[in-house]
Amino acid sequence: MRRIYFWILVVFFAQSAHLQMSAQNNIVDEVIWVIGDDAIFKSDVENARLQMQMRNQHMTGDPYCIIPEQIAIQKLYLHQAKLDSITVNESQVMQYVEMMINNMIENNGGSKEKIEEYLGKTIPELREEYREDIRNEQIVGEVSKKLVGTVKITPADVRQYYNGITKDSLPFINTTVEAQIITMEPQISLAEIDGMKAKLRELSDRVTSGDAQFSALARIWSQDKGTATRGGELGFSGKGSLVPEFAAVAFELNDPSKVSRIVETEYGYHIIQLIEKRGDRINVRHILMKPEPSQAELLAASSRLDSVRNDILAGKFTFDEATPYISSDKDTRNNNGLMVNQRNDLRSDRVGTSQFEMEELPGEIAKAVDKMQVGEISKPFTFINSKGREVVAIVKLKSRIDGHKANIADDYQALKRMVENQKREEILNKWLTKKIKETYVRIDPAWQNCDFQLQGWVKKD
């Protein structure tokens, strides 16, 4: 299943550039596949192949067979999502997009300009492009979860799988780490907060008086870049998919001409306007403003955390004891700061566990733990958290397992996940084969001579 989702992700990003490349090349594109009501273009395949080359990713097999098949598989999943009315949490989509953008910036020396110059797009443009790609990836994940249901694996299944693999074919387990974190949010001055609230009140008054449209102001002022380009519109959401403080106010709104009071959440400060209610779902616009700490406030937080680190090293208290009282990270502070892999990435076997490969950690955290010894505590550093806020942190390396060939004694859980993934892939392949039979598929004769992963693409007369 990891192979399927890897390819689906590749084609998501390749297809997002389809129209742009066609326009740049000033050519009439060629339809090579038709699946249902959707077309697959030759340029989609070329874009995906070029993306692979840019990333130095090796492909076993003919790209002109593998890539269009995976695009078609993606379309089958998305079609099923429409039938089942499957949606995803828009705020989670934007969290993941922000994480991607922040990691790209961090990996390029903290320079937004380098990213924009290299990719030929502004950061807001990249956010919007990635938002659609990540949403589709998560929709595919939700469809597959619904199709697969619960997969139960016994120890006997794992042993049978392990014993059936030759030593030369044993999977390589990449280096993984467990890390604990204490974060501290810099104190934001009251003047900064008051100024931000005053601006939000001014914007609210302009909408209420009819001087300006909420959507127009959101495009200019909202710091939620994922929704600002859509006039602040979130799309239909249930109460459970919104942060509680935001949901409580949004679901009280009844008049689309009114603007809510200012709402504080972990993301910053918002004003909200109702668009439409449908049963237990709601569609609203919002304007988000995030208070920014000054350099002096960041230095003060760093100094406080450095004192905490020194006290831990001096034996006054332990890292575990300090975390629930000091850390501002509500996701980890009640678990001794232990980080949980929440990447929402179907390619990773570690999602939901405390195990991370180095590339799965936020960039600055990965840099901090890369050369650390187990038990060592980093010096304070700043990073952008999943809420898009700049915070100060220290991390402790709890464990490190260096890369190695899998063995059942040390890697039972990893092997168990491999067996689970194998079972899931069998279920999904069975569903895909059935779906292909039920779907109109036409492939240009020049693209039919392939050893496809799934049967039934080429319809027999």
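Computed from a predicted model, the values in this text were never measured in an experiment.

Reading the values: the criteria
Residues numbered from 1 in each chain as written. Predicted model: local features only at pLDDT ≥ 70, side-chain atom pairs only at ≥ 80, totals over all residues. Heavy atoms only, no water. Core = buried A, V, L, I, M, F, W, Y, C linked by side-chain atoms within 4.5 Å. Buried < 20%, exposed > 50% of the residue type's maximum accessible area, 1.4 Å probe, protein only. Helix = DSSP H or I, 4+ residues; strand = E, 2+ residues; numbered from the N terminus. Contact = heavy atoms within 4.5 Å. Salt bridge = Lys/Arg side-chain N within 4 Å of Asp/Glu carboxyl O. Pairing = 2+ DSSP bridges. Axes fitted to C-alpha atoms, helices over the stretch in contact; angles between N-to-C directions. Parallel < 35°, antiparallel > 145°, perpendicular 65-115°, else oblique. Nonpolar A, V, L, I, M, F, W, Y, C, P; charged D, E, K, R; others polar. Phe/Tyr/Trp six-rings, centres within 6.5 Å; stacked < 30°, edge-to-face > 60°. Polar contact = N/O pair within 3.5 Å; in protein donor to acceptor, adjacent residues only side chain to side chain.

### A word on the nonpolar core
With 56 residues, the main nonpolar core has Trp33, Tyr77 and Trp457 as its most contacted residues. Only β1 (31-35), α3 (42-54), α4 (63-83), α5 (90-106), α7 (123-148), α8 (155-163), α16 (412-438) and β13 (441-443) provide two or more residues apiece to this core. The element that contributes the greatest number of residues to this core is α4, accounting for nine residues. With residues near it in sequence (within four places) discarded, Trp457 still touches Trp33, Ile35, Glu69, Ala72, Ile73, Leu76, Ile436, Val441, Ile443 and Phe452. Formed by 17 residues, the second largest nonpolar core is a distinct cluster that contains Val177, Met339, Ala393 and Leu397.

### A closer look at unusual backbone geometry
For Ser85, which is not glycine, the phi torsion reads 55 degrees and is therefore positive. Inspection of the secondary structure puts Ser85 in the loop between α4 and α5. Even without glycine at this site, Asn336 takes up a positive phi of about 55 degrees. Structurally, Asn336 can be placed in the loop between α14 (319-326) and β9 (356-357). Under the relative-accessibility criterion, Asn336 is labelled partly exposed at 34%.

### Remarks on the pattern of salt bridges
Overall, the coordinates contain 13 salt bridges when judged by the stated rule. Note that Glu46 and Arg49 form a salt bridge whose closest N and O atoms lie 2.8 Å from each other. Taken together, the residues span about one helical turn, with Glu46 and Arg49 both in helix α3 at a distance of three residues.

### A short note on the sheet that holds strand β2 (residues 38-41)
Strand order across the open sheet formed by three strands is β2-β1-β13, with antiparallel pairing between neighbours. With one partner strand each, in any of the chains shown, β2 and β13 form the two edges of the open sheet. In this sheet, neighbouring strand axes are inclined to one another by 20 degrees on average, regardless of whether the strands run parallel or antiparallel. Bridge count for β1 against β2 is four bridges, and the pairing is antiparallel. Bridge pairing links Ile35 to Asp38 in β2.

### Some remarks on the packing of α4 against α16
At a closest axis distance of 11 Å, the pairing of α4 and α16 adopts a crossing angle of 85 degrees. Put simply, α4 runs roughly perpendicular to α16. Mapping the contact onto sequence places Ile73, Leu76, Tyr77, His79, Gln80 and Leu83 in α4 and Leu428, Trp431, Leu432, Lys435 and Ile436 in α16. Among the residues making up the contact of α4 with α16, the classes are represented as eight nonpolar, two polar and one charged.

### Things to note about the pairing of strand β10 (residues 381-384)
By the alternation rule, side chains of β10 split into Phe381 and Phe383, which are all buried, and Thr382 and Ile384, of which none is buried. Counted between consecutive antiparallel strands, the loop separating β10 from strand β11 (residues 390-401) contains five residues, among which Gly388 sits at a positive phi close to 80 degrees.

### Observations concerning the sheet that holds strand β7 (residues 268-278)
Across the sheet, which stays open at both edges, the four strands sit in the order β5-β8-β7-β6 with antiparallel pairing between neighbours. Both edges of this open sheet fall to β5 (237-238) and β6 (263-265), since each of them pairs with a single strand only. Two strands pair when backbone bridges link them, and β7 and strand β8 (residues 281-289) are joined in this way by nine bridges, in the antiparallel orientation. Note that in β8 the partner of Ile271 across the bridge is Ile287. With respect to the sheet, helix α9 (residues 190-208) is in contact with β7 and β8, its orientation differing from that of β7 by roughly 30 degrees. Here helix α10 (residues 214-221) sits on the sheet in contact with β7 and β8, set at roughly 45 degrees to β8.

### Some words on the packing of aromatic side chains
Each pair of aromatic rings is reported with the distance of its centres and the angle of its planes. Across all of its chains, the model carries five aromatic pairs by this definition. Aromatic pair Trp33 and Phe452: ring centres 5.6 Å apart, planes at 85 degrees, arrangement edge-to-face. In this pair, Trp33 is assigned in strand β1 and Phe452 in the segment after β13, connecting sequence segments 419 residues apart. For the pair Trp33 and Phe452, a shared accessibility class is recorded, and that class is buried.

### Observations regarding the environment of Arg135
Summarising the element assignment, Arg135 is placed in helix α7. Accessibility expressed as a relative area gives 14% for Arg135, which makes it buried. As for Arg135 and Val97, which are separated by 38 residues in sequence, their C-alpha atoms are 9.4 Å apart. Beyond its immediate sequence surroundings of up to four residues, Arg135 is in contact with Val88, Glu90, Val93 and Arg230. Within the structure, the side chain of Arg135 is placed 2.7 Å from the side chain of Glu132, a separation counted as a polar contact.

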